[in-house]
Amino acid sequence: DHLLTPLGHGPAPGPRGEAGYFVICPAPPGPPLAGRLRPWPVAALVAFALRPIASALEKLAAHNLTHRGIRLNNVFEGQRGQALTLGTAWAAPPALLQPALFEPPYSAMCHPAARGDGSIADDVYALGVLLLTLALGHLPLAELDDGAILRRKLEQGSHAALAGEERLPPLIADLLRGMLAEDPEHRPTPTLLLDPGVARSRRVAARPPRRAQRALAIGNATVWDARSLAWALNAEPELGISALRSGAAVQWLRRGVGDAPLANHVEDLVRHRMSDLPSEESRSDAMMLMRAVAIVDPLAPLCWRGTALWPDGLGALLVTAAAEPSLVGNLEELIAAEAIGNWAGLRPERCDLPMLRREARQNRAWLATRGLAGGLPRLTYLLNPLRPCASPLLADRWVVRLADVPAAMEAAVAARPGTAPLDTHLAAFIAARGDSRMEAEIANLGKASPTAADVAELRLLAQLQLRYHPRPLPALAGWIAGAAAPMVGHWFHRPSRRELAERLKSLVQAGQLLPMLALLEDPPGRAADAAGARAAAAALLRIDTELHRIAGGAADRSAT
């Protein structure tokens, strides 16, 4: 209830025949709240906004799901006096479309595609902003852009930044103090929000951040507390590294903020970095900055070379970053350094450390996989199970399942004869969606020997047809026949070569790849052909030896 729950999803053609992926939901009960803002009375806020949405969040939390899309244009209202309905979720990366106003600061500071699933506490935060907006009848901080809203939240705290100067009903004001808490562990659960009186009485005291006596300038940022320092270090990574290496940040933490233990921790980190080898300069600086941010602000996300992300947002970020070469390079470095595992080790009480370290090692192994089907493309498909194949050959098709690959390749090769059916993206997609039985063929793709690579490619295509598409594939069979010409030429016996070529032509019409592969490989036939070639070579050697002996005895014969 109170949620546009998906009824179905999958690839289908769009209105103009274009490829697409669709999530089908019930129709909303009315227009979104964005177009009809008005001040709501307290009783209506509790009955028609707080309790219905908290009930939906409670059910999502019971299934370990989050919504991550609570905002004005994704919450719908029917007639007055009816409960609000949450709009769709899960049709885009989590929180991708969320304004900074509705996101906790440690999510808002991330790349929009890398905010991750988060926790149900992040939805409670967004619900708190929604309640505040409906109580006021207008958006708070509407005059500020997302960057300015984020800075204000970090400097003042979310509650003070959003509701500090507003006159609110006591019940709503008390609820918002908990719902907009900086630490997600301090926010009330959806179950608790179902009884606003109990939720109102539950307050968790949070120590306000220490404010420095004087500011620290890092680039264009003026820093007054540790949280703002962590944000500035990531926002200006080069200047942040300079501030750490010069000792300016450490001295400011010790003397300005008066936090000697934190300053000592950061100082030890910088000293350890200075002992690294010069050859590791670039990566070590990035690792030092990431560790410094995590130490200074344990609530902050992972920060790497100016990009902030939560670990479960890495997959979506890899897809988004495909068009940004510099960001792709930074992410490759992050994965190769197992930065996620190192970051998790600095905050084990706030994450599943063993799982994140295991995933970081696995991601590094996939990234290091060599060959046509390895590297970043394969890792991207592994981390995004619904990502369609990005091969240019399939540009007009939305191929998500491995079972759809043979038919799509057949149509593509038929439309463009002579095109090689397997490229890097297709090989990586098949590798990511396949199983261990395909691993041997996939590992042989792109081998140094053209013949070995061709055989592996043909064997892989034959396996795909056998397991997923038993119908004929004449276009692919024709391509195989053309690609097999050099393999046929490796046979020594000329009549066998002619017979093999004729049989291949007849099999092309049937469109079955496995018989063609069996014909081309044919270990007994190749062994017999090789044995015949060796026998012929031996016979030729005997003839040449005899001719040489005859030629050498010509003088003796003349004398005789």
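So, a few notes on the structure that sits alongside this text. (Residues numbered from 1 in each chain as written. Predicted model: local features only at pLDDT ≥ 70, side-chain atom pairs only at ≥ 80, totals over all residues. Heavy atoms only, no water.)

Let's shift gears to the overall build of the protein chain. If you tally the helices and strands in the protein chain, you get 28 helices and 8 strands. In terms of overall dimensions, the protein chain is more spread out than a globule: its C-alpha atoms have a radius of gyration of 33 Å, far above the 24 Å expected for 560 residues. With the C-alpha coordinates of the protein chain rotated into their principal frame, the extents come out at 130 × 60 × 35 Å. Out of the 560 residues in the protein chain, the part that is buried amounts to 46%. Of all intrachain contacts in the protein chain linking residues separated by at least 6 positions in sequence, the fraction that spans at least 24 positions is 65%. Roughly 26600 Å² of accessible area belongs to the protein chain as shown, and the carbon and sulfur atoms make up 56% of that amount. In the protein chain, which carries 59 positive and 55 negative side-chain charges, the distance between the mean positions of the two groups comes to 1 Å. (Helix = DSSP H or I, 4+ residues; strand = E, 2+ residues; numbered from the N terminus. Rg over C-alpha atoms; globule rule 2.2 N^0.38 Å. Buried < 20%, exposed > 50% of the residue type's maximum accessible area, 1.4 Å probe, protein only. Contact = heavy atoms within 4.5 Å. Areas by Shrake-Rupley, 256 points an atom, 1.4 Å probe, with all protein chains shown as cover. Lys, Arg positive; Asp, Glu negative; His and termini not counted. Charge placed at Lys NZ, Arg CZ, Asp CG, Glu CD.)

On inspection of all chains with the given rule, the structure shows 16 salt bridges. With a shortest N-O distance of 3.0 Å, Arg38 and Glu77 are connected by a salt bridge. Of this pair, Arg38 sits in the loop between β2 (19-24) and α1 (42-62) while Glu77 sits in the loop between β3 (75-76) and β4 (85-86), placing them 39 residues apart in sequence. With respect to burial, Arg38 and Glu77 carry one shared label: buried. One connected set of salt bridges, linked through shared partners, spans Arg36, Arg38 and Glu77. (Salt bridge = Lys/Arg side-chain N within 4 Å of Asp/Glu carboxyl O.)

It is worth spelling out a negative patch on the surface at this point. A grouping of Asp117, Asp312, Asp352 and Glu359 is seen on the molecular surface, where their side chains present a negatively charged patch. With respect to the helices, strands and loops of the structure, Asp117 is situated in the loop between α2 (105-108) and α3 (120-136). (Patch = residues over 30% accessible without salt bridge, like charges linked within 9 Å, V, L, I, M, F, W, Y side chains within 5 Å.)

With that settled, consider the pairing of β2. Sheet analysis places strand β1 (residues 8-13) next to β2, joined by 6 bridges and oriented antiparallel. Paired with Ala12 across the two strands is Gly20, which belongs to β2. (Pairing = 2+ DSSP bridges.)

Before going further, it helps to examine helix α12 (residues 260-274). Its 15 residues place the ends of α12 21 Å apart at the C-alpha level, agreeing with the 21 Å of an ideal helix rising 1.5 Å per residue. Those residues of α12 that fall on the buried side of the exposure criterion are Leu262, Ala263, Val266, Leu269, Val270 and Arg273. For α12, the angular spread of the buried residues around the axis is 125°, confining them to a single face. Summarising the geometry of α12, the exposed residues directed more than 90 degrees from the buried face are Pro261 and His272. (Expected span 1.5 Å × (residues − 1). Arc of directions from axis to C-beta.)

Buried residues of helix α18 (residues 375-383): Gly375, Leu376, Arg378, Leu379, Thr380 and Tyr381, and no others. In this structure, the buried side of α18 is in contact with α14 (314-320), α15 (325-336), α17 (353-368), α20 (424-433) and α21 (439-444).

Our focus in this paragraph is the packing of α1 against helix α6 (residues 170-179). One can describe the packing of α1 onto α6 by two numbers: an axis separation of 10 Å at closest approach and a directional angle of 40°. What the angle tells us is that α1 and α6 run oblique. Facing α1, whose interface residues are Val42, Leu45, Val46 and Leu50, α6 presents Leu171, Ile172, Leu175 and Met179. Class assignment of the residues belonging to the contact of α1 with α6 gives a composition of 8 nonpolar, no polar and no charged. (Axes fitted to C-alpha atoms, helices over the stretch in contact; angles between N-to-C directions. Parallel < 35°, antiparallel > 145°, perpendicular 65-115°, else oblique. Nonpolar A, V, L, I, M, F, W, Y, C, P; charged D, E, K, R; others polar.)

What follows is about empty space enclosed by the protein. For the structure shown, the criterion picks out 1 cavity of 30 Å³ or more. Here the largest cavity is characterised by a volume of approximately 50 Å³. Every residue along the wall of the largest cavity is listed here: Leu314, Leu334, Ile335, Glu338, Ala339, Ile340, Ala360 and Asn363. Partitioning the lining of the largest cavity into residue classes produces 6 nonpolar, 1 polar and 1 charged. (1 Å grid on protein atoms, 1.4 Å probe; cavity = no way out; pocket = protein on both sides within 12 Å on 5 of 7 lines; lining within 4 Å. Points joined across faces, edges and corners; volume = space filled by probe spheres on them.)

Inside soluble globular proteins, nonpolar side chains tend to come together where they are buried. Among the nonpolar cores identified, the biggest contains 70 residues, and Leu229, Leu244, Leu253, Val266 and Trp304 are the most heavily contacted of them. With 10 residues, helix α13 (residues 281-296) is the largest single contributor of residues to this core. (Core = buried A, V, L, I, M, F, W, Y, C linked by side-chain atoms within 4.5 Å.)

Another aspect to go through is a nonpolar patch on the surface. On the surface, Leu7, Phe22 and Ile24 cluster together to form a nonpolar patch covering roughly 300 Å² of accessible area. For Leu7, the position within the fold is in the segment before β1.

This part takes up the side chain of His469. Within the secondary structure, His469 sits in the loop between α22 (450-468) and α23 (474-483). Sequence-distant contacts of His469, defined by excluding residues within four places in its chain, comprise Pro406, Ala407 and Leu464.

This paragraph deals with the packing of aromatic side chains. Taken as a whole and assessed by the stated rule, the structure comprises 3 aromatic pairs. Relative to Trp343, the ring of Trp310 lies with its centre 5.8 Å away and its plane at 70°, an arrangement referred to as edge-to-face. Here the residue Trp310 occupies a position in the loop between β8 (307-309) and α14, and Trp343 occupies one in helix α16 (residues 339-345), the gap between them amounting to 33 residues. Here Trp310 falls in the buried class, since its relative accessible area comes to 18%. Residue classification places Trp343 among the buried residues on the basis of a relative accessible area of 1%. Ring plane angle 85° and centroid distance 5.4 Å describe the contact between Tyr381 and Phe429, whose orientation is recorded as edge-to-face. You can see Tyr381 sitting in helix α18 and its partner Phe429 sitting in helix α20, a full 48 residues away along the chain. (Phe/Tyr/Trp six-rings, centres within 6.5 Å; stacked < 30°, edge-to-face > 60°.)

The subject of this paragraph is the environment of Gly478. Summarising the element assignment, Gly478 is placed in helix α23. Considering only alpha carbons, one finds Gly478 and Gln509, 31 residues apart in sequence, at a separation of 8.3 Å.

Contact geometry of helix α25 (residues 494-510) with helix α26 (residues 513-521) gives a least axis separation of 10 Å together with a crossing angle of 170°. Relative to α26, the element α25 lies roughly antiparallel. On the side of α25, the interface is formed by Leu500, Arg503, Leu504, Leu507 and Val508, while α26 contributes Pro515, Met516, Leu519 and Leu520. Here the residues of the contact of α25 with α26 sort into 8 nonpolar, no polar and 1 charged.

Below, the discussion takes up the side chain of His67. The residue His67 is located in the loop between α1 and β3 in this model. Note on His67: relative accessible area 3%, which makes it buried. Leave out the neighbours within four places in its chain, and His67 touches Leu3, Leu57, Leu60, Asn74, Leu86, Gly87, Thr88, Ala89 and Asp123.

Attention now goes to unusual backbone geometry. Positive phi, close to 65°, is recorded for Ala95, a residue that is not glycine. Unlike most non-glycine residues, Leu141 shows phi in positive territory, near 55°. By the element assignment, Leu141 lies in the loop between α3 and α4 (146-156). Here Leu141 falls in the buried class, since its relative accessible area comes to 11%.

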